[in-house]
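Notes for the structure review
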Amino acid sequence: MGQSPSTLRSRSSKSAAAAAISPPEAPGSENPDAAVSDESTAGSDDYTSNLPDECLASIFHSLSSGDRKRSSLVCRRWLRVEGQSRHRLSLNSKSELADFLPRLFLRFDSVTKLSLKCDRRSISIADDALILISLSCRNLAGLKLRSCRELTDNGISLFSQNCSTLQKFSCGSCSFGPKGMNSFLQNCPLLEEFSVKRLRGSPDGAYAEPINPGKAAASLKVICLKDLYNGQCFAPLIIGASNLKRLKLFRCSGDWDKVLEMASIRVDGLMEVHLEKLQVSDLGLSSVSNFANLEILHLVKTPGCTNVGLASVAGKCRLLRKLRIDGWKTNRIGDDGIISIANHCANLQELVLIGVNPTCLSLDKLGANCPNLERLALCGSESVGDAEISCVAAKCVALKKLCIKSCPVSDNGMEAIARGCPNLVKIKVKKCRGVTNVGADWLKGRKGSLDLDLDMDSVEHEQLVDTSLDEQESRGGDFSSFNLRCRSRSFKTRIRSFSGTLRRWLSFGGGSRNNLGRN
C-alpha cells in the first residue's frame, strides 16, 4: 500500500529528467527560451539553463546531423543555438526553395559552407534565389552547385560580387559558361579550390571563350576538371595559377601535352597530379617531370604514356611518395619504368599497379631501394604469381598494407606472405582462384592480428557444389533444393556452377533421372 523511499526517489529523478526534454511553450510566453510552461516546471530544474550558449553550441558540433535536428526540437533556446552554430548546410535546390530562403537563413545566419543540389528531373532555383543567398550569406567560404541548370552567367557574376571572400567553389552539370566563370574568378581573389564537372553552358571547339585566373591567380591551389568536352578553354587558368599545388584532370578532351608543357614553365610548386583518360603522351610526362616538388602522381588509363615518360618523371621527381598506374593492359609500362621509380624515388610509400605486369626483377628493386614502401596493390597483373608474391614478402620489410586482385596467385604465395612481411597489418585478396582455405589458414595461423579480407566465395561455392552433388546422388533426392541452398554473390560464379551441375546431372544414370521425375 505505501511506497518505499527508493520508489519515490526514482520517480522524482524521472520527472526531473523529463523536465529537461519537454515540448516548447506557447508563442505568447514571456520567456521565449523556456523549454516548458511554469506548471510543468514546478519543482524541477533545467540543468542546461545555466550553460552558456557557446558551450551548448560546442556540444551540438559533436553530434551527427540527425541528432542535431532532433536536439533542436527540445526547446526554443536549443533551436536558436543550433541554428546559429551550424556552419555547413546542404539544401535541395528545387525551384520551390526560393520561397523559404528568407526564413531559412534567418535561422541559419552563420553558414560558411553551402551545398545546393537539385534532382536532374526537377527545375532548380534561378538567379534571383542565388542572389538572395549571396545577400544572406556574406561570409560564405565554400559553395557547391549540382545540377542547378537554371543558373546563368549573370547570376554567377552577381553572386561572386556579393561573396567575394569565397575560398572553395565546385559545380557540376550546370548551364552557365565561360563568361560566368571569368567573372567569378575575377571577383573572388581569395579562391583556393576550383572544381568543375560537366559544364554545359560553354560552346564547343575553337569558339569556346578562354577562362583566365583573374584575381585568383595567386591564391588558387587546387584545380579539378572532370568530363569536359571543351576542357582546353581552361588552359589559361591552369597556366596562370602560379601557386598551384594540386592539378586533377579527368576525362577531358583535347591534347594536353602542350598545356602541361606551358604549366611546367609558369608553375613551380605543383605537388600532386592526377591524369585519367586523357590524350597525354611521354612529352606530357616529360613536362610533369619538371615539377621537382611532385609527391603524388596518378596515371590512369593514359595509353600514350610509356616506360620512357615514367623514367623521366623518376629521374627528376625524387620526392615522389605515392604512385598509381592503371596501364589499361596495354603493356606500355612495365619492369623498365618501375625499376626507374625504384632506383630514384627512395621516399616511395604507396604504389598501386593496375593492368601492369611487373616481374621479380622490378619488385626486387622496389624492396631493396624503397625502404619506406608501406602500401602496395597489384591488380589485374598476369605476371604476378607465387614467385612475385614471395619476392614481395621477402624484400618489402616495411609493408603494412597489401592488396592482390585478379592475379594468378595460389596458396604458396599466401604461405610466403605468412612467413614474411613482418610489419603487415592488412591484406586483401580478391578474385585469385588459386587461393583456398589452406592459404587463409596459413595467414591466420602465423599472423593472428592481421586484418584479413579474402574473397573465398567462388572457391567455397565450387567445393560446396561437389559435396552437395555427392550427397544428393547418394540419397537420390531433389536437386531443386540444392540450387536454393548454394547461392553465390557473383553472377558469373552462379552461371559456372549451374553449367557444372547440369553436366554432372546429365552424366548420371537412369536411376537418378527417374528419382528426379518422380519428384
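Source: prediction; values computed, not measured. (Residues numbered from 1 in each chain as written. Predicted model: local features only at pLDDT ≥ 70, side-chain atom pairs only at ≥ 80, totals over all residues. Heavy atoms only, no water.)

Considering the overall build of the protein chain
- Of regular secondary structure, the protein chain possesses 22 helices and 15 strands.
- Looking at the protein chain as a whole, 45% of its 519 residues qualify as buried.
- For the protein chain, long-range pairs separated by at least 24 residues make up 73% of all intrachain contacts whose partners lie at least 6 apart in sequence.
- Split by element, the accessible area of the protein chain, about 25,800 Å² in all, is 51% carbon and sulfur. (Helix = DSSP H or I, 4+ residues; strand = E, 2+ residues; numbered from the N terminus. Buried < 20%, exposed > 50% of the residue type's maximum accessible area, 1.4 Å probe, protein only. Contact = heavy atoms within 4.5 Å. Areas by Shrake-Rupley, 256 points an atom, 1.4 Å probe, with all protein chains shown as cover.)

A word on helix 15 (residues 360-369)
- Listed as buried for helix 15 are Ser362, Leu363, Leu366 and Gly367. Projected down its long axis, helix 15 shows its buried positions confined to an angular sector of 135 degrees, all on one face. Turned more than 90 degrees off the buried face of helix 15, the exposed positions are Leu361 and Ala368.
- Where the residues of helix 15 are buried, they touch helix 14 (335-344), strand 11 (350-354) and helix 16 (386-395). (Arc of directions from axis to C-beta.)

A few points about the environment of Ile238
- Along the chain, Ile238 turns up in helix 10 (residues 235-240).
- Sequence separation of Ile238 and Arg266 is 28 residues, and the distance between their C-alpha atoms is 9.4 Å.

A short note on the packing of helix 3 (residues 53-61) against helix 5 (residues 76-84)
- Axis separation between helix 3 and helix 5 bottoms out at 9 Å; the angle between their running directions is 70 degrees. For the element pair helix 3 / helix 5, the angle class is roughly perpendicular. Residues Asp53, Leu56, Ala57 and Phe60 of helix 3 lie in contact with helix 5, whose contacting residues are Arg77, Trp78, Arg80, Val81 and Glu82.
- In terms of residue class, the contact of helix 3 with helix 5 is made up of 5 nonpolar, no polar and 4 charged. (Axes fitted to C-alpha atoms, helices over the stretch in contact; angles between N-to-C directions. Parallel < 35°, antiparallel > 145°, perpendicular 65-115°, else oblique. Nonpolar A, V, L, I, M, F, W, Y, C, P; charged D, E, K, R; others polar.)

Section: helix 8 (residues 153-162)
- Those residues of helix 8 not exposed but buried are Gly155, Ile156, Ser157, Phe159, Ser160 and Asn162.
- Buried-residue contacts for helix 8 involve helix 7 (127-136), strand 3 (142-146) and helix 9 (178-187).

Quick word on the confidence of the model for the protein chain
- Predicted confidence across the protein chain gives a mean pLDDT of 82, with 78% of residues reaching 70 or more.
- Across residues 1-43, where pLDDT falls below 50, the model places 33 contacts with residues more than four positions away in sequence or in other chains.
- Confidence over residues 458-492 falls short of pLDDT 50; this stretch has 45 contacts with residues more than four positions distant or in other chains. (pLDDT = per-residue confidence, 0-100.)

Describing the side chain of Glu272
- Within the element layout of this structure, Glu272 appears in strand 8 (residues 272-276).
- Buried and unpaired, Glu272 has Arg246 as its nearest opposite-charge partner, separated by 4.1 Å.
- At 2.6 Å, the side chain of Glu272 and the side chain of His274 are in polar contact.
- Ignoring sequence-local partners within four residues, the contact set of Glu272 consists of Lys245, Arg246, Leu247, Lys248, Leu294 and Ile296. (Lys, Arg positive; Asp, Glu negative; His and termini not counted. Salt bridge = Lys/Arg side-chain N within 4 Å of Asp/Glu carboxyl O. Polar contact = N/O pair within 3.5 Å; in protein donor to acceptor, adjacent residues only side chain to side chain.)

Quick look at the packing of aromatic side chains
- Evaluation of the coordinates by the stated rule reveals 4 aromatic pairs.
- With centroids separated by 5.9 Å and ring planes inclined at 75 degrees, the aromatic side chains of Phe60 and Trp78 adopt a geometry described as edge-to-face. With Phe60 in helix 3 and Trp78 in helix 5, the pair connects residues that are 18 residues apart, well separated along the chain.
- The ring of Phe250 has Lys226 lying over it, and the distance from NZ or CZ to the ring centre is 5.1 Å. (Phe/Tyr/Trp six-rings, centres within 6.5 Å; stacked < 30°, edge-to-face > 60°. Lys NZ or Arg CZ within 6 Å of the ring centre and 35° of its normal.)

Describing the pairing of strand 3
- Of the pairings in the sheet, the one linking strand 2 (residues 113-117) to strand 3 comprises 5 bridges and is parallel in character. Counterpart to Lys113 in the pairing with strand 3 is Gly142.
- For the segment spanning strand 2, helix 7 and strand 3, crossover handedness is right-handed.
- Sheet analysis places strand 3 next to strand 4 (residues 168-172), joined by 5 bridges and oriented parallel. (Pairing = 2+ DSSP bridges. Right-handed = clockwise from strand over helix to strand, strands pointing away.)

Remarks on the packing of helix 17 (residues 411-419) against helix 18 (residues 437-446)
- Where helix 17 contacts helix 18, the axes come no closer than 8 Å and their chain directions differ by 5 degrees. For the element pair helix 17 / helix 18, the angle class is roughly parallel. Contact residues: Asp411, Met414, Glu415, Ile417, Ala418 and Arg419 in helix 17; Val438, Gly439, Trp442, Leu443 and Arg446 in helix 18.
- Of the residues assigned to the contact of helix 17 with helix 18, the class counts are 6 nonpolar, 1 polar and 4 charged.

Quick notes on the environment of Ser134
- Checked against the element boundaries, Ser134 lands in helix 7.
- Judged by relative accessible area, which is 0%, Ser134 ranks as buried.
- Sequence spacing of Ser134 and Phe159 is 25 residues, and the spatial spacing of their C-alpha atoms is 5.6 Å.
- Within polar-contact distance, the side chain of Ser134 engages the backbone oxygen of Ile131 at 2.5 Å.
- A distance of 2.9 Å separates a polar atom in the side chain of Ser134 from a polar atom in the side chain of Asn162.

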